Amino acid sequence: MRLSYREALNQAMSEEMDRDADIFLMGEEVGHYQGAYKVSQGMLQKFGEKRVIDTPIAECGFAGVGIGAAMVGLRPIVEFMTWNFSLVAIDQIINTAAKVRLMSGGQFKMPIVFRGPGGAAGQLGAQHSQCFESMYANCPGLKVVMPSTPADAKGLLKAAIRDDDPIIFIEGERLYGFQGEVPEGEHLVPIGKGDIKREGTDCTIVSWSKMVHTALEAAEELAKENISVEVVDPRTIRPLDEEMIFESVRKTNRCVILEEGYSFSGIGAEIAARVQSKCFDDLDAPIERINRFEVPMPYAPNLEALITPDVPRIVAAVKRAMYLEKN
Amino acid sequence: MGLASSSEGRYIPPRRRAHRAAKEDPLNVQRQENAVAVDKKELLALYQQMLTIRRVEEASAKAYAQGKIGGFLHLGIGQESVCVGAISALNPTDYVVGTYREHGHYIAKGGSAKEVLAELYGKSTGASGGMGGSMHLFNAKNRMLGGYGIVGGHVPLAAGVAFASKYRGTDEVTLCFFGDGSVPQGAFHEGISIAGLWKLPIVFICENNQYSMGTPLYRTLAVADVTERASGYGIARDRFEGHDVLLVKERIAEAVERARKTQQPTLVEVITYRFRGHSMSDPGNYRTKDEVEEWKKRDPITVGRERLIGELKVSEDELISLEAAVKAEVNEAVRFADESPVASEAVMWNSVLSTPDSDPRKI
Ligand SMILES: Cc1ncc(C[n+]2csc(CCOP(=O)(O)OP(=O)(O)O)c2C)c(N)n1
Ligand SMILES: [Mg+2]
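Residues numbered from 1 in each chain as written. Chains lettered and ligands numbered in written order. Predicted model: local features only at pLDDT ≥ 70, side-chain atom pairs only at ≥ 80, totals over all residues. Heavy atoms only, no water.

J.: Tell me about the overall build of chain A, residues and numbers included.
T.: Within chain A, the secondary structure is distributed over 12 helices and 14 strands. A globule of 327 residues ought to have a C-alpha radius of gyration of about 20 Å, and chain A, at 20 Å, matches this closely. The dimensions of chain A, computed from C-alpha atoms along their principal axes, are 60 × 45 × 40 Å. Buried positions account for 62% of the 327 residues belonging to chain A. Taking as baseline every contact in chain A between residues at least 6 positions apart, the subset at least 24 positions apart corresponds to 80%. Looking at chain A as shown, the accessible area adds up to about 11,900 Å², and 53% of this sits on carbon and sulfur atoms. (Helix = DSSP H or I, 4+ residues; strand = E, 2+ residues; numbered from the N terminus. Rg over C-alpha atoms; globule rule 2.2 N^0.38 Å. Buried < 20%, exposed > 50% of the residue type's maximum accessible area, 1.4 Å probe, protein only. Contact = heavy atoms within 4.5 Å. Areas by Shrake-Rupley, 256 points an atom, 1.4 Å probe, with all protein chains shown as cover.)

Listed below in structure tokens is the structure:
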């Protein structure tokens, strides 16, 4: 079935909520307004106000409510209108959700999904364009999931809802309208399992979420010059499918890491560290990283484009890794 | 900006002036009479619980001084009547969520002295298997949902527990304890606001011991009566002094009943006092000796004992043997904690996630 990424997410939640009455959706504008990004379209009509709950603008409050409910056995899906606003709830997520299991010596589970859109979406400025995967992934006790396609979105969200741990589910704000083939019904993508989005032999690009599509475009460009790029998508940032990445690098002997967010303490830094430690003898060139440049996102379209990873930067990085281009 | 100045020309903040003016009764709480109905068996049981908590905390202070306990250690000595009285108003299926000053709450909710002390010693037999420590005592079986170390941060969580009870249509009630220092915190307001909006079966209990660390209440709150916040959130309120354990029980029972029957939350402020410093490193020099001595006259344990003897004609002998039994129990708990095996590495690795990341040691 052809669905948009948005519809795939909606289907995942609806199917799971049909299956288990302990699951509910909570967040700003998720009910009567049908979702700020229409991800929950029709769900209020289907499940009623008890299970599709409009909250006041109090992220810290409702994230905490979700956490308490999860501790005593419900399975909340907490929507942040965007991940930018999760910062006022980050205490709840990091200090509580991620830690209750350990602090209680394993007595309490934390089956909760925090979800919403992340990343830049076009001239939204400094406060509405941010990537938080590296912040959340820095915290043991959380799992961080970032699907790039409608099929992965559905399969991973269903898996996330069934998982007994707190999940940071970051959707691509720019991907909501993206269409793709999605398996009907029971379609689960295991958390922690990556996917090869394009096979190739000359160079590996590791990328996730929206950037996978930019990587695929770059791969297409490079193919015209007979350079065969493999695009691998870990899909889950933490736990990370490092074996898939290592295997690809062992085949291509080159690694480019493409990340929408900043490089400093970024996910790419973690991946690069692991690749150099496990594939040192396989690498024919230094690992390349492509990231957003280190400034808060400006509003002007020329500047936003300037600091955002794009196809020419990827093409250049791949060529550097192949010693086809200097610097 | 013109600063108000006193006659000596020294600036005195407005709150302080108001405070001085109201020196007779700075908190403006009417001194309570003791609770009316007194049942001997009940008061004896509550007295024993308060005493156990007191002895456990004294023992932990001693162990701390001996270097057997590390980290932060916050004692509730002087405040025992609040947790004991309040939790005695609950059914076993009700929930408790507390702060880092929660040894008493843990015991009042059915936990043992052994579990508390072993946790403080960092042992595998502790309440949280040595993973939590003094500030994070959990007991799933007893529905003690933990102590939390971020001031005010647990208030929304407690509202969420009450939300789950309502979602499932059970008659459970949640008690959420916090200090006066939580009241300026955002999470406190968001949690209470949502509980009021959604009519959740919860009682918010502010254990107002009049200080947050070294800062007296008048320097943290513009309106000293904490319960005034209730009106803004559409919930009920109550406020009283808490040295009489039975009075605490009686008043909290009303709020619990309200939560259970009508799903209306209540914000309760119980005025109390901690006799020791904020934590073991704090000698509490910001308070005068007189002030501390004044409050010690209303030591909940002494008050309970006096009522047992005076009103209920419990004999001195009976109390002495009860007190000896408590002492023996706590001594045994100390021995147990000391001799228990250290915290388990396996439990640690398995308590991070339900399906562990790749081997965490590898990363
Ligand atoms: C958010 C946060 N800020 C600061 C602290 C440090 N801190 C721990 S306890 C405390 C005082 C809290 O006082 P109160 O809420 O009145 O509780 P009490 O200690 O009197 O029981 C402070 C400032 C903290 N734990 N959490
Ligand atoms: Mg206090």
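There's more to say after this.
J.: So, unusual backbone geometry: which residues are in play, and what are the values?
T.: All names here are of chain A. Looking along the chain, the bond that leaves Arg238 and enters Pro239 is cis, with omega of 0°. Phi at Tyr323 is positive, roughly 55°, even though this residue is not glycine. Residue placement: Tyr323 occurs in the segment after α12 (311-321). A residue is classified by how much of its surface remains accessible, and Tyr323, at 54% relative accessible area, is exposed.

J.: Describe the coordination of the magnesium ion (ligand 2), naming the residues involved and giving the relevant values.
T.: Residues and elements named next belong to chain B. Summarising the metal site, the magnesium ion (ligand 2) is bound by the protein donors Asp180 (OD), Asn209 (OD1) and Tyr211 (O), whose distances to it range over 2.0 to 2.1 Å. In the primary structure, the donors to the magnesium ion (ligand 2) are separated according to the pattern D-x28-N-x1-Y. Linking Asp180 in the loop between β3 (174-179) and α7 (186-198) with Asn209 in the loop between β4 (202-208) and β5 (211-212), this pair joins segments that are 29 residues apart in sequence. As far as burial versus exposure is concerned, Asp180 and Asn209 are alike and both buried. (Donors = N, O, S within 2.8 Å, 3.2 Å for Na, K, Ca; no water.)

J.: Tell me about the sheet that holds β4 of chain B, and name the residues and values.
T.: Residue and element names in this part refer to chain B. Across the sheet, which stays open at both edges, the 6 strands sit in the order β2-β1-β3-β4-β8-β7 with parallel pairing between neighbours. Only two strands of the sheet have a single partner each, and these edge strands are β2 (144-148) and β7 (236-241). Sheet twist, expressed as the average angle between the axes of neighbouring strands with direction ignored, equals 15°. For β4 and strand β8 (residues 266-271), the ladder comprises 6 bridges, and the chain directions are parallel. Paired with Phe204 across the strands is Leu267, a residue of β8. (Pairing = 2+ DSSP bridges. Axes fitted to C-alpha atoms, helices over the stretch in contact; angles between N-to-C directions.)

J.: How would you explain helix α12 (residues 316-339) of chain B if you had to name every residue and give the values?
T.: All names here are of chain B. Here α12 is 24 residues long and its end C-alpha atoms lie 34 Å apart, about the 34 Å a rise of 1.5 Å per residue gives. All buried positions along α12 are accounted for by Leu319, Leu322, Glu323, Val326, Val330, Ala333 and Ala337. Where the residues of α12 are buried, they touch α2 (40-65), α5 (113-120) and α11 (300-310). (Expected span 1.5 Å × (residues − 1).)

J.: Tell me about the sheet that holds strand β9 (residues 195-198) of chain A, residues and numbers included.
T.: Residues and elements named next belong to chain A. With respect to topology, 5 strands assemble into an open sheet ordered β9-β11-β10-β13-β14, the strand pairing being mixed. Bordering the open sheet on either side are β9 and β14 (288-292), each of which pairs with just one other strand. Adjacent strand axes in the sheet meet at a mean angle of 25°, parallel and antiparallel pairs treated alike. The pairing of strand β10 (residues 203-206) with strand β13 (residues 255-262) spans 3 bridges and is classified as parallel. Within β13, the position partnered with Thr204 by the bridge is Cys255. Packing against the sheet, helix α10 (residues 267-278) makes contact with β10, β13 and β14, and its axis sits at approximately 155° to β13. Sitting on the sheet, α12 is in contact with β10, β11 (229-233), β13 and β14, with an inclination near 165° to β14.

J.: Tell me about the domain arrangement of chain A, and please be specific about residues and values.
T.: Residue and element names in this part refer to chain A. As far as domains go, chain A holds domain 1 (2-181) and domain 2 (195-321). In this assembly, 29 residues from domain 1 lie in contact with 25 residues from domain 2. Taken together, both faces of the contact between domain 1 and domain 2 bury some 2,100 Å²; the carbon and sulfur share is 55%. Inspection of the region where domain 1 meets domain 2 yields 2 salt bridges. The closest approach of N and O atoms between Lys197 and Asp152, which form a salt bridge, is 2.7 Å. At the boundary of domain 1 with domain 2, the tally comes to 15 residue pairs in polar contact (both at pLDDT 80 or more). For the side of domain 1 that touches domain 2, the secondary structure elements donating two or more residues are α6 (133-137), β6 (143-145) and α7 (150-162). Residues of the side of domain 1 that touches domain 2, tallied by class, amount to 14 nonpolar, 11 polar and 4 charged. (Domains from an automatic or database assignment. Buried area = accessible area lost by both parts, 1.4 Å probe. Salt bridge = Lys/Arg side-chain N within 4 Å of Asp/Glu carboxyl O. Polar contact = N/O pair within 3.5 Å; in protein donor to acceptor, adjacent residues only side chain to side chain. Nonpolar A, V, L, I, M, F, W, Y, C, P; charged D, E, K, R; others polar.)

J.: Residues and numbers for the interface of chain B and chain A, please.
T.: Each partner contributes to the interface: chain B provides 39 residues, whereas chain A provides 50 residues. A buried area of about 3,500 Å², summed over both sides, lies between chain B and chain A, and 65% of it is on carbon and sulfur atoms. Notably, a salt bridge pairs Asp22 of chain A with Arg168 of chain B, separated by 3.7 Å at the nearest N-O pair. Seen at the junction of chain B and chain A, the total is 18 residue pairs in polar contact (both at pLDDT 80 or more). Mapped onto the side of chain B that touches chain A, the elements with two or more residues apiece are β2, α6 (155-168), α7 and α13 (345-350) of chain B. Considering every element that reaches the side of chain B that touches chain A, the biggest residue donor is α6 of chain B, with 9 residues. Looking at side-chain class alone, the side of chain B that touches chain A contains 25 nonpolar, 10 polar and 4 charged residues.

J.: A description of the site of ligand 1 should follow, citing residues and the corresponding values.
T.: Residues and elements named next belong to chain B. Within the structure, ligand 1 sits among 15 residues, and Tyr100, Arg101, Gly149, Gly181 and Asn209 are positioned closest to it. Gly149 places a polar main-chain atom, nitrogen or oxygen, 2.8 Å from a nitrogen atom of ligand 1. Side-chain polar atom of Asn209 to an oxygen atom of ligand 1: 2.8 Å apart, as the coordinates give it. A total of 590 Å² of accessible area belongs to ligand 1 in isolation, and the protein chains cover 72% of it. Here the shell around ligand 1 is composed, by residue class, of 5 nonpolar, 8 polar and 2 charged. (Near = heavy atom within 4 Å.)

J.: Go over the pattern of salt bridges, please, and point to the residues and values.
T.: Residue and element names in this part refer to chain A. The final tally for this structure, using the stated rule, is 50 salt bridges over all chains. Here Asp163 ties to Lys143 by a salt bridge, and the two come within 2.9 Å at their closest N and O atoms. In this pair, Asp163 is assigned in the loop between α7 and β7 (167-172) and Lys143 in strand β6, connecting sequence segments 20 residues apart. Here Asp163 and Lys143 have matching classes, each one buried. One continuous salt-bridge network, built from bridges that share partners, spans Glu15, Glu16, Arg19, Lys154, Lys158, Arg162 and Glu186.

J.: Describe in detail a nonpolar patch on the surface, supporting the description with residues and values.
T.: Together, Phe293, Val295, Leu303 and Leu306 of chain A make up a nonpolar patch on the protein surface, roughly 340 Å² of accessible area in all. Within the fold, Val295 of chain A resides in the loop between β14 and α11 (301-307). (Patch = residues over 30% accessible without salt bridge, like charges linked within 9 Å, V, L, I, M, F, W, Y side chains within 5 Å.)

J.: So what's going on with the packing of α5 of chain B against α12 of chain B? Which residues, and what values?
T.: All names here are of chain B. Contact geometry for α5 and α12: axes closest at 8 Å, N-to-C directions at 40°. One element, α5, and the other, α12, form an angle in the oblique class. Here α5 runs over α12; the crossing is right-handed. Of the residues in α12, those touching α5 at Ala113, Lys114, Leu117 and Ala118 are Glu329, Val330, Glu332, Ala333, Val334, Phe336 and Ala337. (Parallel < 35°, antiparallel > 145°, perpendicular 65-115°, else oblique. Left-handed = near helix turned anticlockwise from the far one by under 90°.)

J.: Go over the side chain of His136 of chain B with me, naming the residues and quoting the values.
T.: Its place among the elements puts His136 of chain B in the loop between α5 and β2. With near-sequence residues (within four places) excluded, His136 of chain B lies in contact with Met103 of chain A together with Glu102, Ser128, Gly147, Tyr148 and Gly149 of chain B.

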